[in-house]
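Fold and contact review
Each chain is listed here by its residues.
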Amino acid sequence: MAFVRVPRDGVPVTQAKDVALDPSLGKRFTLKTDVVVVGSGAAGSMVAYEMAKAGRDVLVLESGRYYPSSEFTEHLGDTMTKIYQDQVGQVNTTADIIFVQGACVGGSTVVGACVMEEPGDKVLDGWAEKYGLDALSAEKFRPYLDKVAEELQIHTNEAHEINACAHKVIQGCEKMQFSWKPAQRNVKQCALTGHCLAGCPSDRKMSSLVTHLPWASAYGARIFSDTEVIRVKTLDGRARGVEARIVDPDSGAHVADMNVDADMVVLAAGGIHTPLILQRSQVPDRSGQLGRNLAIQPFTQVLGKFKEPLYGFRGALVGVQVDEFTHTDGYTIFSGLAEPESLLAQGDMKAGQAHIEFMKDYKYYAGVNAFSKDLGNGYVKWDGDAYSGSKTIHYNPSREEFENMKASAALAARIFFSGGAEKVYLPTFQSLQANSVFELDEKMDKVDYGIKGMYTFRSNSFSPHGTCRMGADPYESVVSPTGEMHDTPGLFVADASLLPESMSAPIQWTVHALAKYVSDQINNNASNYFIS
Amino acid sequence: MKNNNRAPLPGHLAGLEPLSRRGFLRASVLAGAALTSGCASLFGRKDAPETLQYYSLKPDEVDVITRLTEIMLPTERYGLPSSTTVVPTVKNIDIMAQRFPEQTRELLGLGIWVFNNRPMMSFKFKKFTSLSDAKALEYVNAMQEGAFFERGLMTTLKALIALNYWRDERTWPGLEYHGPVTETWGVRRLGNAPLPRA
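Bear in mind the structure is a predicted one, so any value in this text is a computation, not a measurement.

Scanning chain A from N- to C-terminus turns up 15 helices and 21 strands. Here the C-alpha radius of gyration of chain A, 23 Å, is about what a compact globule of 532 residues would show, namely 24 Å. Counting only C-alpha atoms, chain A reaches 70 × 45 × 45 Å along its principal axes. Expressed as a percentage of the 532 residues in chain A, the buried residues total 68%. Taking as baseline every contact in chain A between residues at least 6 positions apart, the subset at least 24 positions apart corresponds to 74%. With an accessible surface of roughly 17,300 Å², chain A has 48% of that area assigned to carbon and sulfur atoms. Separation between the mean location of the 50 positive side-chain charges and that of the 64 negative ones in chain A comes to 3 Å.

Put into structure tokens, the structure is as follows:
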């Protein structure tokens with residue numbers, strides 16, 4: 001094999017401005033390739049790398065902009081407006097749940113908090129049995145997870161990676177006799193800056209920007225940013241490429257239309273956008289499940305105020321996790337808290353003098369993110385024309401999901417009081433705070449499910465999944481056990497949409513491994529898929 | 001295709017160049033701004049809110065958001081940069097709204113209208129912008145404790161204002177928040193990870 005050299009810095013990306021300045025391309029142009037990969041996050045970058053390494057001509061299309069890590073400013077406010085999906089304004093139809101996603105080359109791996117956790121053996125074996133996914137059984141799928149761990153340098157936090165904020169969680173857990181453990185993260189020589197959510201300027205976060213994308217590129221993959229795929233093209237029922245449009249991310253100007261002719265299309269745009277592209281493409285779906293089964297792994301941030309200054313924004317963003325309830329109830333609690341903007345994502349931030357006083361106590365706060373498992377009853381829908389229509393995300397907690405969120409937030413609050421907090425702010429749309437553990441239940445009782453659980457908890461989701469469920473039965477699932485759409489040969493899905501049901505662990509590790517598995521399926525059957 | 005790779009500096013300097021270059025550029029821009037506009041305006045804005053150009057917010061929306069900013073963030077009384085004359089909070093919101101998806105932008109417009117015009121008996125059915133400071137704060141707090149859609153709307157508007165004020169690094173010293181540290185600490189860039197072994 002020829003010597004492959006990865007550039008030391010950056011990723012070669014063709015951006016809208018490059019297309020605009022290239023007269024040979026014009027306003028409408030066609031590219032030919034073996035594989036077109038839609039999306040450049042955890043899944044897309046992995047597929048691009050595996051396909052390119054196997055000798056395929058690969059084209060990666062990313063709708064977000066290219067933001068090289070050398071340009072990260074550790075400024076969350078500015079980062080939000082540039083490389084977060086809808087400037088962190090991607091919400092459900094009632095606008096009370098925020099879906100936080102990266103919208104850039106590298107996707108959510110660039111702005112995530114680096115938290116990695118494997119799905120348990122019981123979960124994997126359950127998928128294998130329930131959905132006919134034998135290849136995802138713990139025994140067969142674990143090698144994929146292990147390989148990902150090696151490539152992304154996943155490690156368990158060491159003592160210096162556990163900050164004052166996390167120590168309050170530990171103290172609380174010790175007192176309550178709850179099981180806790182240091183979180184696992186994909187970071188190499190973490191500099192403990194606490195700015196993960198604004199991207200890592202020193203390339204210590206093992207995001208796709210510094211791993212699978214430059215590796216894929218070194219093997220010849222071409223990457224386009226600012227390029228939104230409108231729909232998948234089919235010919236005689238088989239996927240044959242995509243139509244896309246290139247838009248200047250600063251001005252919003254339409255730069256060009258791109259037509260891609262490809263032997264194979266791999267969708268890796270995430271749990272929200274992959275099903276939307278498929279809906280726009282009007283691909284057949286016998287199951288009627290396309291876009292459905294949306295699970296969001298909702299989380300709320302609970303804030304504790306302590307007597308002594310913690311400067312909880314210093315150090316690794318996520319230090320420890322409380323795993324006492326993960327397997328019994330589906331609640332997982334992670335320590336957190338970073339930039340001032342993060343404070344505004346929790347509970348009521350008050351107004352006037354009360355708001356200023358709330359903010360001025362910043363150094364005394366510790367935060368935890370309380371994740372709960374949901375039932376996967378949401379759905380995403382594309383309304384209107386493929387070019388001018390719009391997305392809607394339908395999700396309101398059922399009574400059971402609401403109670404789960406309430407219980408996880410209450411546990412987090414109890415842990416903080418046990419750790420010495422003198423006050424806990426609850427993550428609700430009402431202005432609720434408890435001044436002692438004895439007030440907690442009474443305050444929690446005030447959080448009423450009301451009308452469909454709307455505007456009760458201020459919750460967020462980092463992990464939408466399940467919207468193109470994988471399974472053996474084409475009447476119950478959208479995608480086959482190899483990752484190929486049941487009814488459209490040559491069209492694969494490789495991202496979080498595949499997850500057959502709601503899971504409680506953070507999903508990034510699983511998504512990387514699934515994408516590697518789907519890539520293997522394609523490479524192992526290459527003669528069936530590629531003309532050359 | 002454009003190649004964005006930069007030639008690495010040799011030896012012990014490799015990995016430091018992007019940060020150093022960025023620091024230099026930032027310093028140059030600040031120095032240039034100070035010279036051309038006068039040092040007094042470097043850390044403050046000369047223009048009053050009403051003279052600013054808004055591209056997304058309508059004039060009546062600007063009035064409502066400006067008034068809510070004054071009520072929510074009475075910053076000058078607490079030694080913080082003014083939320084209206086120093087930090088361009090409303091202008092920041094305008095820039096953000098410009099890039100909202102159309103549906104979100106329409107919802108925001110509707111929300112601002114409802115917030116300003118929502119008749120409440122306790123406030124003699126006055127518009128929010130016509131209320132005194134004390135009454136306006138009372139109205140905001142009442143909305144926060146109101147029906148589910150009232151608290152949803154109030155929280156959204158507050159988050160928009162707070163985010164676009166506290167994102168300004170001039171507000172951070174007031175919180176004892178140090179902001180970016182990588183450059184200050186001289187943290188070396190690692191660059192791309194090496195290819196995995198076959």
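Our focus in this paragraph is the sheet that holds strand β5 (residues 154-156) of chain A. Residues and elements named next belong to chain A. The antiparallel open sheet is built from three strands, whose spatial order is β4-β7-β5. Whereas interior strands pair on both sides, the edge strands pair on one side only; in this sheet they are β4 (115-116) and β5. By the bridge criterion, three bridges tie β5 to strand β7 (residues 184-186) in an arrangement that is antiparallel. Counted as the bridge partner of His155 is Arg185 from β7.

Residue and element names in this part refer to chain A. The tally for this structure, following the rule as stated, stands at 34 salt bridges over all chains. A salt bridge links Arg28 to Asp257, with the shortest nitrogen-to-oxygen separation between them at 3.5 Å. Taken together, the residues Arg28 in strand β1 (residues 28-38) and Asp257 in strand β11 (residues 254-267) connect sequence positions 229 residues apart. Across the pair Lys130 and Glu501 runs a salt bridge, and its minimum N-O distance is 3.2 Å. Note that Lys130 is positioned in helix α5 (residues 121-131) and Glu501 in the loop between β21 (491-493) and α14 (508-524), a separation of 371 residues in sequence. Of the residues examined, Glu501 reaches a relative accessible area of 27% and is grouped as partly exposed.

So, on to the environment of Asn293 of chain A. Residue and element names in this part refer to chain A. By the secondary structure assignment, Asn293 is in the loop between α9 (270-281) and β12 (299-305). Not counting the four nearest positions on each side in its chain, Asn293 is found in contact with Gly376, Gly378, His465, Gly466, Thr467 and Arg469. Side chain to side chain, Asn293 and Gln289 meet in a polar contact 3.0 Å long.

This part takes up the packing of helix α2 (residues 59-72) of chain B against helix α4 (residues 102-117) of chain B. Residues and elements named next belong to chain B. As a packed pair, α2 and α4 sit with axes 10 Å apart at the nearest point and diverge in direction by 65°. When the axes of α2 and α4 are compared, the pair comes out roughly perpendicular. Between α2 and α4 the crossing geometry is left-handed. Residue-level inspection shows Glu61, Val64, Ile65 and Leu68 of α2 in contact with α4, the latter providing Arg105, Gly109, Ile112, Phe115 and Asn116. Residue classes in the contact of α2 with α4 are distributed as five nonpolar, two polar and two charged.

Let's shift gears to the nonpolar core. Generally speaking, soluble globular proteins have nonpolar side chains that are buried together. One finds Leu61 of chain A together with Phe115 and Phe128 of chain B to be the most contacted residues of the largest nonpolar core, which totals 212 residues. Looking at which domains feed residues into this core, each of domain 1 (16-153 + 197-295 + 463-526) and domain 2 (157-187 + 299-373 + 398-454) of chain A supplies at least three. Setting aside residues no more than four positions away along its own chain, Leu61 of chain A makes contact with Val36, Val37, Val38, Gly39, Phe224, Thr227, Val229, Val242, Ala244, Met258 and Val260 of chain A. Phe99, Ile296, Trp382 and Ile393 of chain A belong to the second largest nonpolar core, which has ten residues in total.

Another point: empty space enclosed by the protein. Inspection of every chain in the model, using the stated rule, returns six cavities of 30 Å³ or more. What lines the largest cavity is a set of 21 residues, and nearest its centre among them are Cys190, Ala191, Thr193, Cys196 and Cys200 of chain A. When the residues that make up the lining of the largest cavity are grouped by side-chain class, the tally is ten nonpolar, seven polar and four charged. Structurally, the lining of the largest cavity is a two-domain feature, drawing no fewer than three residues from each of domain 1 (16-153 + 197-295 + 463-526) and domain 2 (157-187 + 299-373 + 398-454) of chain A. Asp9, Gly10, Val11, Tyr66, Pro68, Ser69, Ser70, Asp203, Leu209 and Val210 of chain A together with Arg189 and Asn192 of chain B are the residues that line the second largest cavity.

All names here are of chain A. Mapped onto the secondary structure, Lys205 falls in the loop between β7 and α8 (212-218). For the pair Lys205 and Tyr331, spaced 126 residues apart in the sequence, the C-alpha separation amounts to 26 Å. Excluding its chain neighbours within four sequence positions, the residues that come into contact with Lys205 are Thr109, Val110, Val111, Gly112, Cys114, Asn186, Cys196, Gly199, Cys200 and Val210. A polar contact is formed between the side chain of Lys205 and the backbone oxygen of Cys196, at a distance of 2.9 Å.

Here we come to the UniProt feature "domain: Glucose-methanol-choline oxidoreductase C-terminal" (unreviewed entry) in chain A. The sites that carry the UniProt feature "domain: Glucose-methanol-choline oxidoreductase C-terminal" (unreviewed entry) are, in the present numbering, residues 378-515 of chain A. Taken end to end, residues 378-515 of chain A is 27% helix and 15% strand, and its first and last C-alpha atoms sit 23 Å apart.

Turning to the packing of α2 of chain B against helix α3 (residues 89-98) of chain B, a few remarks are in order. Residue and element names in this part refer to chain B. The geometry of α2 relative to α3 is characterised by a closest axis approach of 9 Å and an angle of 130° between their N-to-C directions. Taken as axis vectors, α2 and α3 run oblique relative to one another. Between α2 and α3 the crossing geometry is right-handed. Contact residues: α2 offers Val62, Ile65, Thr66 and Thr69, while α3 offers Thr89, Val90 and Ile93. Residue classes in the contact of α2 with α3 are distributed as four nonpolar, three polar and no charged.

Calculation criteria
- Residues numbered from 1 in each chain as written.
- Chains lettered and ligands numbered in written order.
- Predicted model: local features only at pLDDT ≥ 70, side-chain atom pairs only at ≥ 80, totals over all residues.
- Heavy atoms only, no water.
- Helix = DSSP H or I, 4+ residues; strand = E, 2+ residues; numbered from the N terminus.
- Rg over C-alpha atoms; globule rule 2.2 N^0.38 Å.
- Buried < 20%, exposed > 50% of the residue type's maximum accessible area, 1.4 Å probe, protein only.
- Contact = heavy atoms within 4.5 Å.
- Areas by Shrake-Rupley, 256 points an atom, 1.4 Å probe, with all protein chains shown as cover.
- Lys, Arg positive; Asp, Glu negative; His and termini not counted.
- Charge placed at Lys NZ, Arg CZ, Asp CG, Glu CD.
- Pairing = 2+ DSSP bridges.
- Salt bridge = Lys/Arg side-chain N within 4 Å of Asp/Glu carboxyl O.
- Polar contact = N/O pair within 3.5 Å; in protein donor to acceptor, adjacent residues only side chain to side chain.
- Axes fitted to C-alpha atoms, helices over the stretch in contact; angles between N-to-C directions.
- Parallel < 35°, antiparallel > 145°, perpendicular 65-115°, else oblique.
- Left-handed = near helix turned anticlockwise from the far one by under 90°.
- Nonpolar A, V, L, I, M, F, W, Y, C, P; charged D, E, K, R; others polar.
- Core = buried A, V, L, I, M, F, W, Y, C linked by side-chain atoms within 4.5 Å.
- Domains from an automatic or database assignment.
- 1 Å grid on protein atoms, 1.4 Å probe; cavity = no way out; pocket = protein on both sides within 12 Å on 5 of 7 lines; lining within 4 Å.
- Points joined across faces, edges and corners; volume = space filled by probe spheres on them.
- UniProt positions renumbered as here; feature names shortened; annotations may be inferred.

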